[in-house]
Amino acid sequence: MIAFAAADLAASTPKDESDNPVIQGAVWIGSHFIGLFNEAGKQFTGLVTGILPTLIVLLTAMYALVTFIGEKRVTRAVQWSSRWWITRYSLMPVLAVLMLTNPMCYSFARFLPERYKPAFYDSAVSFVHPVTSFFPYANAGELFVWLGIANGVQKLGLSTVPLALSYLATGVVVIFIRGVVTEWITRILIKRTGRTEIFRKFDEEFTTAGGGSGGLTAAGGTR
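Residues numbered from 1 in each chain as written. Predicted model: local features only at pLDDT ≥ 70, side-chain atom pairs only at ≥ 80, totals over all residues. Heavy atoms only, no water.

(A) Representation of the environment of Phe176 in the model. Mapped onto the elements, Phe176 comes out in helix 9 (residues 161-192). Of the residues examined, Phe176 reaches a relative accessible area of 23% and is grouped as partly exposed. For the pair Phe176 and Ala124, spaced 52 residues apart in sequence, the C-alpha to C-alpha distance is 9.7 Å. Excluding its chain neighbours within four sequence positions, the residues that come into contact with Phe176 are Trp85, Ile86, Tyr89 and Ser90. (Helix = DSSP H or I, 4+ residues; strand = E, 2+ residues; numbered from the N terminus. Buried < 20%, exposed > 50% of the residue type's maximum accessible area, 1.4 Å probe, protein only. Contact = heavy atoms within 4.5 Å.)

Printed below as a string of structure tokens:
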């Protein structure tokens, strides 16, 4: 009888509030809310003691180099590289990304006639990821793309230098191909849409304004 009474008493006792899914959810949110910020703080500490000093030093070194060489000389080098298609989509976007970083690098398109700007943009925007392998300051906001791959290689106990070299070299090849193809597509679209005369005027205005130091002719540039 005593055993049955104990069982009845236990059955009639209200369940603990922790069994309520709503309460459990609230407790979980409360316990993990501050944990989210704790993990974010640890991540920030890792960046401060890890990649951030490297970014700052690299950026300072690049600015110092540009100052030492002279901004006018650097600008002339960019204008020179815009004259030929082989350097327009290889050397020029590389210099733009290294010197101005993302997204200011696209402003170097001012040295090009309108017909070449889409191709230059395609080349430059395709280089902002490969450049992070050796020059992370150039696109620090998207550094996670390279770090995600590099961390996996490091966990295998391998050096990331060969991968970084391959990534950078492949990037240069890809941006050159994309630039040439995009220029070709742009030329076709200009003809198909009947805008040849409009772009001819753009070229004349560009040449008259002295854009690109006169390195590009109104007929479409030096090839």
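Resuming the write-up.
(B) Seen up close, the packing of aromatic side chains. In the structure shown here, the tally under the stated rule is seven aromatic pairs. Centroid distance Tyr106 to Tyr121: 5.0 Å. Interplanar angle 55°. Geometry classified as tilted. Placement of the pair is Tyr106 in the loop between helix 6 (91-100) and helix 7 (117-125) and Tyr121 in helix 7, with a sequence separation of 15 residues. Aromatic side chains Trp146 and Tyr167 sit 5.6 Å apart centroid to centroid with 15° between the ring planes, which places their arrangement in the stacked category. Separated by 21 residues along the polypeptide, Trp146 in helix 8 (residues 144-155) and Tyr167 in helix 9 bring together distant segments of the chain. Residue classification places Trp146 among the buried positions, given a relative accessible area of 7%. Directly above the aromatic system of Tyr116 lies the positively charged group of Arg88, at a separation of 4.0 Å from the ring centroid. (Phe/Tyr/Trp six-rings, centres within 6.5 Å; stacked < 30°, edge-to-face > 60°. Lys NZ or Arg CZ within 6 Å of the ring centre and 35° of its normal.)

(C) Structural view of the confidence of the model for the protein chain. Across the protein chain, the average pLDDT comes to 80, with 84% of residues at or above 70. Low confidence marks residues 1-17, where pLDDT is under 50. Its contacts with residues over four positions away, or in another chain, come to one contact. Ignoring residues within four places in sequence, the model shows residues 214-223, a span with pLDDT below 50, making 27 contacts including any to other chains. (pLDDT = per-residue confidence, 0-100.)

(D) Region of the structure containing the pattern of salt bridges. The tally for this structure, following the rule as stated, stands at seven salt bridges. The partner of Glu183 in a salt bridge is Arg187, and the shortest N-O contact between them spans 3.0 Å. Residue Glu183 and its partner Arg187 are located together in helix 9, separated by four residues, close to a single helical turn. The exposure class of Arg187 is partly exposed, given its relative accessible area of 32%. (Salt bridge = Lys/Arg side-chain N within 4 Å of Asp/Glu carboxyl O.)

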